[in-house]
Number of protein chains: 4
Amino acid sequence: MRTVVPDGPSGRLPEAWRFCVGTGRFDLALRRDYQDSLALVQREIGFRHIRGHGLLSDGAGVHRPYEHGGARRVRHSFTYVDQVIDAYLDLGIRPFVELGFMPSGLASGDQTVFWWQGNVTPPASWREWAELVRATVAHLVDRYGLDEVRTWPIEVWNEPNLKDFWQDADRDAYHRLYEVSAYAVKEVDAGLQVGGPAISPGSDEWMVRFAEFAVERGVPVDFVSRHAYTSGPAQHVPFGVHQTLAPASGLLEQFATPRRQLAGTPLADVPVHITEFNSSYRPDNPIHDTAFHAAYLAPVLAAGGELADSFSYWTFCDVFEEVGIPAAPFHGGFGLLTHRQIKKPTYHLYAFMARMGEDLLARGEDHLVTRDAAGRVTVLAWAPADVTGGPAVDGHTVRLSVPIGNASSAFELRSSVSEEHGNAWAAWCEMGRPLSPRSGQLDVLREAAEPARTHRGVPVFGGRADLDLTLGRHEVTLVELTPVVDETPPWWDERRLLGLEPGPGGEGR
Amino acid sequence: MRTVVPDGPSGRLPEAWRFCVGTGRFDLALRRDYQDSLALVQREIGFRHIRGHGLLSDGAGVHRPYEHGGARRVRHSFTYVDQVIDAYLDLGIRPFVELGFMPSGLASGDQTVFWWQGNVTPPASWREWAELVRATVAHLVDRYGLDEVRTWPIEVWNEPNLKDFWQDADRDAYHRLYEVSAYAVKEVDAGLQVGGPAISPGSDEWMVRFAEFAVERGVPVDFVSRHAYTSGPAQHVPFGVHQTLAPASGLLEQFATPRRQLAGTPLADVPVHITEFNSSYRPDNPIHDTAFHAAYLAPVLAAGGELADSFSYWTFCDVFEEVGIPAAPFHGGFGLLTHRQIKKPTYHLYAFMARMGEDLLARGEDHLVTRDAAGRVTVLAWAPADVTGGPAVDGHTVRLSVPIGNASSAFELRSSVSEEHGNAWAAWCEMGRPLSPRSGQLDVLREAAEPARTHRGVPVFGGRADLDLTLGRHEVTLVELTPVVDETPPWWDERRLLGLEPGPGGEGR
Amino acid sequence: MRTVVPDGPSGRLPEAWRFCVGTGRFDLALRRDYQDSLALVQREIGFRHIRGHGLLSDGAGVHRPYEHGGARRVRHSFTYVDQVIDAYLDLGIRPFVELGFMPSGLASGDQTVFWWQGNVTPPASWREWAELVRATVAHLVDRYGLDEVRTWPIEVWNEPNLKDFWQDADRDAYHRLYEVSAYAVKEVDAGLQVGGPAISPGSDEWMVRFAEFAVERGVPVDFVSRHAYTSGPAQHVPFGVHQTLAPASGLLEQFATPRRQLAGTPLADVPVHITEFNSSYRPDNPIHDTAFHAAYLAPVLAAGGELADSFSYWTFCDVFEEVGIPAAPFHGGFGLLTHRQIKKPTYHLYAFMARMGEDLLARGEDHLVTRDAAGRVTVLAWAPADVTGGPAVDGHTVRLSVPIGNASSAFELRSSVSEEHGNAWAAWCEMGRPLSPRSGQLDVLREAAEPARTHRGVPVFGGRADLDLTLGRHEVTLVELTPVVDETPPWWDERRLLGLEPGPGGEGR
Amino acid sequence: MRTVVPDGPSGRLPEAWRFCVGTGRFDLALRRDYQDSLALVQREIGFRHIRGHGLLSDGAGVHRPYEHGGARRVRHSFTYVDQVIDAYLDLGIRPFVELGFMPSGLASGDQTVFWWQGNVTPPASWREWAELVRATVAHLVDRYGLDEVRTWPIEVWNEPNLKDFWQDADRDAYHRLYEVSAYAVKEVDAGLQVGGPAISPGSDEWMVRFAEFAVERGVPVDFVSRHAYTSGPAQHVPFGVHQTLAPASGLLEQFATPRRQLAGTPLADVPVHITEFNSSYRPDNPIHDTAFHAAYLAPVLAAGGELADSFSYWTFCDVFEEVGIPAAPFHGGFGLLTHRQIKKPTYHLYAFMARMGEDLLARGEDHLVTRDAAGRVTVLAWAPADVTGGPAVDGHTVRLSVPIGNASSAFELRSSVSEEHGNAWAAWCEMGRPLSPRSGQLDVLREAAEPARTHRGVPVFGGRADLDLTLGRHEVTLVELTPVVDETPPWWDERRLLGLEPGPGGEGR
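Residues numbered from 1 in each chain as written. Chains lettered and ligands numbered in written order. Predicted model: local features only at pLDDT ≥ 70, side-chain atom pairs only at ≥ 80, totals over all residues. Heavy atoms only, no water.

Student: How would you sum up the interface of chain C and chain D? Please name residues and give values.
Tutor: Of the residues lining the interface, 70 residues belong to chain C; the matching set on chain D comes to 70 residues. The contact between chain C and chain D buries some 5800 Å² in all, and 57% of this surface belongs to carbon and sulfur atoms. Applying the counting criterion to the chain C and chain D interface returns 6 salt bridges. With a closest N to O distance of 2.9 Å, Arg355 of chain C and Glu447 of chain D form a salt bridge. Linking chain C with chain D are 24 residue pairs in polar contact (both at pLDDT 80 or more), by the criterion used here. Mapped by element, the contributors of at least two residues to the side of chain C that touches chain D are β14 (235-237), β22 (409-417), α10 (424-430), α11 (439-448) and β23 (452-459) of chain C. (Contact = heavy atoms within 4.5 Å. Buried area = accessible area lost by both parts, 1.4 Å probe. Salt bridge = Lys/Arg side-chain N within 4 Å of Asp/Glu carboxyl O. Polar contact = N/O pair within 3.5 Å; in protein donor to acceptor, adjacent residues only side chain to side chain. Helix = DSSP H or I, 4+ residues; strand = E, 2+ residues; numbered from the N terminus.)

Student: Describe the domain arrangement of chain A, listing the residues and the values that go with them.
Tutor: One frequently used descriptor of interface size is the decrease in accessible area upon assembly of the parts. Residue and element names in this part refer to chain A. For chain A, the domain assignment lists domain 1 (3-8 + 359-483) and domain 2 (15-354). Just the C-alpha atoms count here: the centres of domain 1 and domain 2 sit 31 Å apart. Of the residues lining the interface, 32 residues belong to domain 1; the matching set on domain 2 comes to 28 residues. Taken together, both faces of the contact between domain 1 and domain 2 bury some 2500 Å²; the carbon and sulfur share is 75%. Where domain 1 packs against domain 2, one counts 2 salt bridges. Residue Glu306 is joined to Arg363 by a salt bridge in which the shortest nitrogen-to-oxygen separation is 2.5 Å. Put simply, domain 1 and domain 2 have 5 residue pairs in polar contact (both at pLDDT 80 or more) between them. Among the residues making up the side of domain 1 that touches domain 2, the classes are represented as 20 nonpolar, 7 polar and 5 charged. (Domains from an automatic or database assignment. Nonpolar A, V, L, I, M, F, W, Y, C, P; charged D, E, K, R; others polar.)

Student: So what's going on with the pattern of salt bridges? Residues and values would help.
Tutor: Counted according to the given criterion, the structure contains 176 salt bridges over all chains. A salt bridge links Arg259 of chain C to Asp309 of chain C, with the nearest nitrogen and oxygen atoms 3.2 Å apart. Highlighted residues: Arg259 of chain C in helix α7 (residues 249-262) and Asp309 of chain C in the loop between α8 (291-303) and β17 (310-313), separated in sequence by 50 residues. A residue is classified by how much of its surface remains accessible, and Arg259 of chain C, at 34% relative accessible area, is partly exposed. Judged by its relative accessible area of 33%, Asp309 of chain C falls in the partly exposed class. Each of Glu44, Lys343, Arg355, Asp372, Arg376, Glu450, Arg453 and Glu480 of chain A together with Glu447 of chain B takes part in salt bridges that share partners, so that together they form one network. (Buried < 20%, exposed > 50% of the residue type's maximum accessible area, 1.4 Å probe, protein only.)

Structure below.
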């Protein structure tokens, strides 16, 4: 059966998939490898915002208590903050600000999270926290301008529903943190956007309570946020974990939850940001590096924009240290890119999305079809990804009839990643999994990471071209069809390439 | 039948194939597109020298007669010469100097060659010509150092055996030009290398006479040079020509001719430089743009180094104006690259050669096998290219047993260009042959120009791996085999990727 | 006497000075040195448009007649046009299109201008000319978009009032050329801007007649244009000329002429573009390279914007070949930059203008004062430039009272070029005028080309700072005054830098 | 009195001043700001080696214990090490390896040093430490080649004579550490260079005991090392300290100590490396940012090479976190450059040294004179720097008679930094000491940081030029004198620049 793609658009393809992307802790953005990776990502994908932890942790150096004249004072210092945000803006990406974690000089306890020891206790002084938030936001407005900073969502803390991230997972304390922070932000400018509660999956009731709290007390909430992951418990091996995964549809269900929860409440219309999502929540699960992973997430990227205002892939690169310093180039990191910019299959899923058109023509369980203003029709198709370990399908077919317009032929460019192609992880395994690849090996891995590309001319009949796509194991493929304007001159005769059918004239030399 | 590649090298792979490359006229090297192309070529291929016409033509502005105090004087000006040669050295390539053509202010007549009108008449004053040569060479030595310039061969004129390039193809006049020029060069420094006669195919007797002349008169000759082409008469169409081609073996025969001719003479041991070669001598023959062309030249690059000290592909890029300004991105230019750096299949033939190792293990009619110091074995193989228009072979096989050493497996990376892959010309034809491709189309053409790449692990038995290569139409393929050092940790179990065979421990979240 | 600069702006500083800049012939824009120069100019000055000759001359390769099927046909080819204009837009500058000169394949005669032989005869076929114009403009619209191209003025020919530039300086023939061209442009889109007559100084009546002709026949004229130069007859020496100059006020008078001439006519309100201006019209007059030249033009840049909508400095760099290839790094070229980006004093005049604010506070005979949105007050001041060879003034003073606002001090940064500083030409003379400077000498010349810079804190009383500027010979100086926000901490005590006034505590080590 | 500089060299200028430079902890080298700074330093100064702490600390992630199969094992991981050293080599600088501090997984205690908490306790297992050293060095040899790594000195630990840096400053424990480490290094290759004891000033007897120990036990010592500083106790203020300084001659005395101490011992001839030196040992002493500092160190750089084989400035840039994250752009850091590459006066002292010639002509208490192979004579001169707070000298004079050779004139280029020029710190103070400078302010600071430059022609009589240098407060000046080859054409007449003395011919226009 061939699916007939309508000629008219059913709407715009939402940009929720690229509204935001995740990153390792704030000061890692000072690294060259990080910035090289971000430059590449921005050139080929083009996210709008970037969100990560640690803006207020010690590694960013903002909160600097000192004594002078016998009194405790605090300098707010933005040496690193400026360097990072200047770099972001240079690279065409804006902060999605996360307020956290607690500076050790302001913390009420010494509980920390991660290898890099982010303090997760409430402030010892709510006044000093409010001042820290106000000073930080005011500095951003002063340096980057109010119009600019009004476009940066500001989220209060991260996953306060987990004891690891917020001491005792104390909801009342979080509500207080939210309230104090939100007012501190609004004190700088009422037009700034503040939101929460940034919860992880598994505590859906927090969203409801957060909404009740906010409405009850009239605390400003410009957006709500939560996270989405589908992995089961971690099975540890040295330097890594394995986990079961729920089907990808589970991510879409999580994306949809806040709107459903808030329907009918005063917060029904605020934007919903999924400020983190991925399959596994672990930065050392090798599934992130695989071709499976791209096929698994393809339907999520294709459809997620109908359910939330953004869903932010956690994270754009492997420069990340939550469980320590990565000890191998492929180590199951969240990144779309490894250290040193080897593209993973999921990178290409995003790069393919970035080549889709603005107009949505069709969306199915294994395909998405769009068209851009110049008439280029783009098909994203994917093979099924089975989380139950069934035999992977090799040879899944997608058959479409695609509207092309008046041309008599179309130029088709097809780009694919699969188990066979665009799969640097597989190449690395075949190489013997070198922990410390040489310069030449890195080059080979970068080459192996490129999608397979084919092209051909496609006949158009009645304004339509037929596509019969056969997909390999875990293949994600992008087909771009451009109507052909034929400029072939009348004298062109391919048969004469080797001079074998001489024309009338000849020239001696 | 499987060819068994010996484990020990039979010698070094000669570097004759990369010793020199051709270029359009001197002042085109001032262009950014040219320099961008050369930078790319140098990064991925790495030629040692570059040779082209026009150093002394008006466009380079060297010979500048003027009057002062009632007398004719000449300033030798190097404004552009310095810019070009500075750029060459910055890009890691050295000049192969060609002395020519005649500055109009020194010419005895007004006959010119090419759209850009290089004057091809003898000097009006032999003394002033000698002074021009001496001053130019002295300037180079002064600016770049004697040690450096002694490595630059200096060739006198271009194809003087053709009436188009040297008035009346007057051999005696050429011999005089050679003698005057050679002595002018040696006057600067006796250690500089000078040579000729830079003849085109079809006048082999010129080489014999040149040698007789030089020996008889004791004129210094540090190398001899000639050109090699295999195309028949031009059959003109608008903006192009078609020509028959002789088999590629004809190029090897031409390469071999000088040594054969000079055997037994006092010039028997001077280096032989093939200072130009290609299939067609026309810059508007579309055969240059095809996959056929790479397959046609592959055996020439593989074997030519046994026959001559260098053979210089004419030319590295399409920035070239001998028959006028190119009127389409693919127009049959000589270049390995089109304007704006779209790689042609022949570019990849050279890039593949650049990845070969130093030690020659085997050479056959459809393959070349080398090994580098790190133990990487490299196979270049090619499908037959039939100039008689017979049906192109699809499925040519090359079967080899390759020595790998002690590893139990090898990592294989295979890169191919053919009618199907790495063939931007084909993509351009499918696009409708746009004369003025948009920015997006240029990007697609650059993507389509990349080789197909595959990789896999190859088992090694008894220190050997079996290769069974099947080649598509006009395919040229590079196979790189690297012995694997296995760093896979003992706990790795691929089946656990999806968490389905849980290990002993589990972690909650 | 101290001039009191008003605190309120008297208007905006017009951008006429940077609306357009001149360039050598079209295909020189393909050069790397040219593009490197333009990149530098755009980074530090930022012109809006660029105008030069030769878009339709043979060197750009647009008009390509051929025969097919027994008939003459013409291909319009944009290989080089695309490369150049793509580069312009990448560098943030837009074409000011000049239609000319005549392609040799369309010319009615063989009269040429310049070393590079631009054909200056009327078309052999007016129809084919119209088609050439239409096809060229249509291509631009197709490639760059109508909105974009509507911002590019399109000027018909160059200096038709001179026999060297238009055969016989035939006014009627020019009017016909204008009419045919203007209609060809408007045929593509009525919103495109077309204008003329692009006359040189000395034929003012041409403007009047052009207006009469256009009005009489209803030919579209979206702007008028002329040139302005102040030099006398050329006194030739080898590789150069000397000329007397009229005072710089003569340039302002020429700028003002079109508006005066057209007052009261239907063309009274069309924009007036001075599409070329300079002191000397010769590309080999060393005056262009001097400190005198910057001081000479300073009052012109400061005031010209009140008289015309643009005045385009001829030209931004020395990559220029009208009288042949430059034979020395300083050769009297028009450029703001020499080959290889050595900045001339006039470059800095423009770079200083680019640092002026938007609001005009004051303009005097030796100064211009502006303020930007951030409160930075900027003073451009200049010493007098005497064209009569009187003794150059060393020690000219400019005394101003400048409004600063509420700060108690201002930070002053002063940048100057003069005979002593920022004068690479003087350094080159002291070096012995090397025709072919070595790499190290080029570095020294680039260093010598930088302005002298000083800075200091300036006290502010009553919201005002007093400036007492003393200017050296031919000095042009830029003073930037920024109100100080003092963040010096209370504990800072400069006297303790060397630890000599110990505070209460000490630390052992 | 004029000092007559001899025409013949008295020797080569030692390269000890550039043999090595210091850096903040190892993993800071991953930062972009760091690498940008290092690229600038290498372009304009060109150090040979770079040395810093923390290669084996947790932040580099090398030592990675884990459990598998019930046993403790250690993976040695080089993810960051490779990134850093690859970058160093790309930038043309080699490691001066320092082995330290202790990985927390191998430490015997929890004493740490610095904000970043380097563990300074002996290893819990000497065997595991030896294995760590051996594996690290073996990895370097494997990745970078033995020939390369043999040029990298390997130093054992840092300042073990201080309790802050080595638990209890236990000398015997250090000797054991040295012995175990040295043998581990030599086990990889006997040709690698290992040394110590890397002591700080104030414990000179450690050197004697180290030598005795090494000789007695036959432990290999390929070089010895110590540090040199001249500052007194720290007088704390918030975010900084003040300290008295001993005269700069004290540094030279410290440089000379090891050779004096080892004279007559078996270690008399081993190289002496001063692996750290500066005025103050504090990274928050503003003296580092001043013009005083360059004048203070000038005689040290000029003469130090006679006393030690290297003396390594601590450190090349302000990316450094020993006392926390810098809270202002100028904060008294060690760096030659601030964050974001603002050059301090001491940077220019080094850049001036890098322009000195190879041949030493003269050295005095306020000057150093050299000549390079091309005949360029270079004079470095400096004003006195008084540490006692006496009134700073403004107007110190240096009078020299300099040999030039046969030219009749010389081109003089003079570059200076002083209180007035090349002093970004002063500009920053005048700006109000902004903690977080805007982008425009950073540009101004970079401009203010450039040296003042002047140039002139200098007459030469009898092969000599007279220099009369007057130096401003704390000025360090570089004078470069190049013999002039005069290429001025005979027709040049400066008086004709304005066309006022017309020659015979004229041209109309």
